[in-house]
Amino acid sequence: MNKQFETLDEVEIVQLAKDGDEKAFEFIVKKYQNKVANLIFKIIGDASIVEDLTQEVFLRVIESLKEYKFGSALYTWIYRITVNICIDEIRRRQRSRAYSLSDVLSQNPKAEPSHSHVEKTVEQKEMREIIEEAISKLPPEYKTALILREFEDLPYEEIARVLKIRVGTVKSRIFRARKLLAEHLKEYKDLLK
Amino acid sequence: MRHAKIKKLVSEYIDGELKNNIELVKEHIKTCEECAQLFRLHSLVRETLKENTIEVSPYLFTRIQAKLKERKSQQPLWDYIIGFSKELAVVLILIFMLLLGIELISSRSSVKIEEAILSESPSIQKVISSGGDLTKDDVLELTLSNGKRK
Ligand SMILES: [Zn+2]
């Protein structure tokens, strides 16, 4: 990283970037790129798309830097852009999945999901895989709030700022995310013992 | 407090965000299996999320730079104009005011000439109607009448 900026305040660096200083923008990208990439990785759960989406986040950052008013911390603002891009991506994927599922069903009407409920033991699957799968099934709004809490360690108030929602809403989204996870994991009866 | 009421507080307690009833929740977790599970779930989720992380390629910034240049070169002229819309508006207003000013000044001077011809100076009318063919007496009369008006 550029040493010239290490001694500067973040506000000063952002101001330089706003004024078109490319080195200042590079400093911001390199400071947050891995944080952004991991947040995307956790929310989307697909490593193959992380690099492209991280790139998209910083392009949006530089293009809308003029609108950044220093009212919130820079990372809050960057995280908000990241979450919005992730939610767009999830919706895009859901739409295309809905198409492909309806295609399959129209071609083969018998291919319906089975309702048989076989209790699985943890040995059948890696524990991490089970948890990751359960998290991936959460509605994006709940999942995002939970990840900002458990992975980013953000307090409720910061999560509220990133997601532009009330603290009470953050509280209930995280609570519901945990309740849903517990339900998903019920079939692995010894996991939470 | 019963489980139904307390379970919402457990999630807040787990996150260190609970401000009241902390002891109550602590005691409840010791005796309630469902709430204790929520606590274990929190640890598992945390461990899982933190376990597997990634790093971006060292060329990410170079790629962003290239993309930025590409986007800038593709930007149509209209975007460029919109980018300067404020400045453009100021310039247009200035041009408009300037034209308006010129129009006002020129119309005012033409009124003056008209007034002079029609009412203010009958001597000029006389000169015009005579077609420039004035006698010495006419000139003397006009000079005297102009002097009186002043
Ligand atoms: Zn309970």
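Residues numbered from 1 in each chain as written. Chains lettered and ligands numbered in written order. Predicted model: local features only at pLDDT ≥ 70, side-chain atom pairs only at ≥ 80, totals over all residues. Heavy atoms only, no water.

**Topic: the coordination of the zinc ion**
Residues and elements named next belong to chain B.
Part 1 of the argument: Those donors, His 3 (ND1), His 28 (NE2), Cys 32 (SG) and Cys 35 (SG), are the protein atoms that reach the zinc ion, and they lie 2.0 to 2.3 Å from it.
Part 2 of the argument: What the four donor atoms of the zinc ion show is an angle range of 103 to 124° at the metal, which sorts the shape as tetrahedral.
Part 3 of the argument: Read from N- to C-terminus, the donor residues coordinating the zinc ion fall into the pattern H-x24-H-x3-C-x2-C. Take His 28 and Cys 32: they sit in the same class, and that class is buried. (Donors = N, O, S within 2.8 Å, 3.2 Å for Na, K, Ca; no water. Tetrahedral: all angles 85-135°; square planar, octahedral: opposite > 155°, others 65-115°. Buried < 20%, exposed > 50% of the residue type's maximum accessible area, 1.4 Å probe, protein only.)

**Quick word on a nonpolar patch on the surface**
All names here are of chain B.
Part 1 of the argument: Taken together, Leu 88, Val 91, Leu 92, Ile 95, Leu 98, Leu 99 and Ile 102 make up a surface patch of nonpolar side chains, about 690 Å² in accessible area.
Part 2 of the argument: Residue placement: Val 91 occurs in helix H6 (residues 85-120).
Part 3 of the argument: Taking the relative accessible area as the measure of exposure, Val 91 reaches 43% and is therefore partly exposed. (Patch = residues over 30% accessible without salt bridge, like charges linked within 9 Å, V, L, I, M, F, W, Y side chains within 5 Å. Areas by Shrake-Rupley, 256 points an atom, 1.4 Å probe, with all protein chains shown as cover. Salt bridge = Lys/Arg side-chain N within 4 Å of Asp/Glu carboxyl O. Helix = DSSP H or I, 4+ residues; strand = E, 2+ residues; numbered from the N terminus.)

**Focus: the domain arrangement of chain A**
All names here are of chain A.
Part 1 of the argument: What the domain assignment lists for chain A is domain 1 (1-95) and domain 2 (137-193).
Part 2 of the argument: The distance between the C-alpha centroids of domain 1 and domain 2 comes to 23 Å.
Part 3 of the argument: If you look at the interface, domain 1 gives 14 residues, while domain 2 gives 14 residues.
Part 4 of the argument: A buried area of about 1300 Å², summed over both sides, lies between domain 1 and domain 2, and 68% of it is on carbon and sulfur atoms.
Part 5 of the argument: Broken down residue by residue, the surface that domain 1 buries against domain 2 is led by Lys 42, Ile 43 and Arg 80, which jointly contribute 33%.
Part 6 of the argument: At the junction of domain 1 with domain 2, the criterion picks out two salt bridges.
Part 7 of the argument: Put simply, domain 1 and domain 2 have seven residue pairs in polar contact (both at pLDDT 80 or more) between them.
Part 8 of the argument: Elements with a minimum of two residues in the side of domain 1 that touches domain 2: helix H3 (22-44) and helix H5 (74-107).
Part 9 of the argument: It is H5 that contributes the most residues to the side of domain 1 that touches domain 2, nine residues altogether. (Domains from an automatic or database assignment. Contact = heavy atoms within 4.5 Å. Buried area = accessible area lost by both parts, 1.4 Å probe. Polar contact = N/O pair within 3.5 Å; in protein donor to acceptor, adjacent residues only side chain to side chain.)

**Looking at the layout of surface pockets**
Part 1 of the argument: What the second largest pocket holds in volume is close to 310 Å³.
Part 2 of the argument: Lining the second largest pocket are 16 residues, and of these Ala182(A), Glu183(A), Lys186(A), Glu34(B) and Gln37(B) sit closest to its centre.
Part 3 of the argument: Those elements that provide at least two residues to the lining of the second largest pocket are helix H9 (167-184) of chain A together with helix H1 (3-14) and helix H3 (33-51) of chain B.
Part 4 of the argument: Residues that form the lining of the second largest pocket fall into these classes: seven nonpolar, two polar and seven charged. (1 Å grid on protein atoms, 1.4 Å probe; cavity = no way out; pocket = protein on both sides within 12 Å on 5 of 7 lines; lining within 4 Å. Points joined across faces, edges and corners; volume = space filled by probe spheres on them. Nonpolar A, V, L, I, M, F, W, Y, C, P; charged D, E, K, R; others polar.)

**Section: the side chain of Thr144(A)**
Part 1 of the argument: Mapping Thr144(A) onto the fold places it in helix H7 (residues 140-150).
Part 2 of the argument: Not counting residues within four places of it along the chain, the set of residues in contact with Thr144(A) comprises Ile43(A), Val83(A), Ile87(A) and Leu163(A).

**Details of the nonpolar core**
All names here are of chain A.
Part 1 of the argument: In this structure, Phe 25, Val 61 and Ile 78 are the most contacted members of the largest nonpolar core, which totals 81 residues.
Part 2 of the argument: The element best represented in this core is H3, accounting for 13 residues.
Part 3 of the argument: Dropping the residues within four chain positions of it, Ile 78 is found in contact with Ile 28, Tyr 32, Val 36, Val 57 and Val 61. (Core = buried A, V, L, I, M, F, W, Y, C linked by side-chain atoms within 4.5 Å.)

**Points about the interface of chain B and chain A**
Part 1 of the argument: On the side of chain A, 44 residues touch chain B, which itself brings 33 residues to the contact.
Part 2 of the argument: Here chain B packs against chain A, burying approximately 4000 Å² in sum over the two surfaces, 62% of which is carbon and sulfur.
Part 3 of the argument: The largest share of the area that chain B buries against chain A comes from Leu49(B), Ile54(B) and Phe61(B), three residues that together contribute 17% of it.
Part 4 of the argument: Asp153(A) is paired through a salt bridge with Arg46(B); the nearest N and O atoms lie 2.5 Å apart.
Part 5 of the argument: Within the residue set of the side of chain B that touches chain A, elements represented by two or more residues are H1, H3 and helix H4 (60-74) of chain B.
Part 6 of the argument: Of the residues contributing to the side of chain B that touches chain A, the split by class is twelve nonpolar, eight polar and 13 charged.

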